[in-house]
Amino acid sequence: MKDNLLKKFGEHIKNLRVNSGFTQDDIVLNSNSITKATISDIENGKRNLSFTTLVDLAKGMNKHPKELLDIDFEDYYTNLDK
């Protein structure tokens, strides 16, 4: 379940980035400390990021952190009892 959630979040982040016209390199330049490897891991669902990384990622994407969390969690909450 956790892996699916991370993959879904990663897809959302990649879609936001691409739709905003940013490359991973752009985000690195706009953030404080995010690396290209970190962005790649997030987008591929391989990294469970910290709150401070989320905030820095949002800064790099010129987004408010809440925009990065604006995804449908319904599947996650539906399957909690399973």
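Scroll up a little and you will see the structure.
Residues numbered from 1 in each chain as written. Predicted model: local features only at pLDDT ≥ 70, side-chain atom pairs only at ≥ 80, totals over all residues. Heavy atoms only, no water.

Trainee: I'd like to hear about helix 3 (residues 36-43), residue by residue, with values.
Mentor: The periodicity of an α-helix, 3.6 residues per turn, causes residues three or four positions apart to be oriented the same way. Within the span of helix 3, buried status applies to T38, I39, I42 and E43. Each buried residue of helix 3 sits inside an arc of 130 degrees when the element is viewed along its axis, so together they form one side. Of the residues trailing helix 3, G45 is marked for its positive phi of about 70 degrees. (Buried < 20%, exposed > 50% of the residue type's maximum accessible area, 1.4 Å probe, protein only. Helix = DSSP H or I, 4+ residues; strand = E, 2+ residues; numbered from the N terminus. Arc of directions from axis to C-beta.)

Trainee: Can you lay out the side chain of E43 for me, pointing to particular residues and giving the numbers?
Mentor: Within the secondary structure layout, E43 lies in helix 3. A distance of 3.0 Å separates a polar atom in the side chain of E43 from a polar atom in the side chain of Q24. (Polar contact = N/O pair within 3.5 Å; in protein donor to acceptor, adjacent residues only side chain to side chain.)

Trainee: How would you summarise unusual backbone geometry if you had to cite specific residues and measurements?
Mentor: Non-glycine residue N62 carries a positive phi angle of around 55 degrees. Mapping N62 onto the fold places it in the loop between helix 4 (51-60) and helix 5 (65-68).

Trainee: Tell me about the pattern of salt bridges, and name the residues and values.
Mentor: Throughout the structure, instances matching the rule amount to three salt bridges. Where K36 meets D25, a salt bridge forms, and the shortest distance between an N and an O atom there is 3.6 Å. Here K36 is found in helix 3, whereas its partner D25 is found in helix 2 (residues 24-30), with eleven residues between them in sequence. Put simply, R47 and D41 hold a salt bridge, and the shortest N to O gap is 3.1 Å. (Salt bridge = Lys/Arg side-chain N within 4 Å of Asp/Glu carboxyl O.)

Trainee: Provide a residue-level description of the environment of I71, including the pertinent values.
Mentor: With respect to the helices and strands, the residue I71 is situated in the loop between helix 5 and helix 6 (74-78). It is 8.4 Å that separates the C-alpha atoms of I71 and K8, two residues lying 63 residues apart in sequence. Those residues in contact with I71, other than ones at most four positions away along the chain, are F9 and H12. (Contact = heavy atoms within 4.5 Å.)

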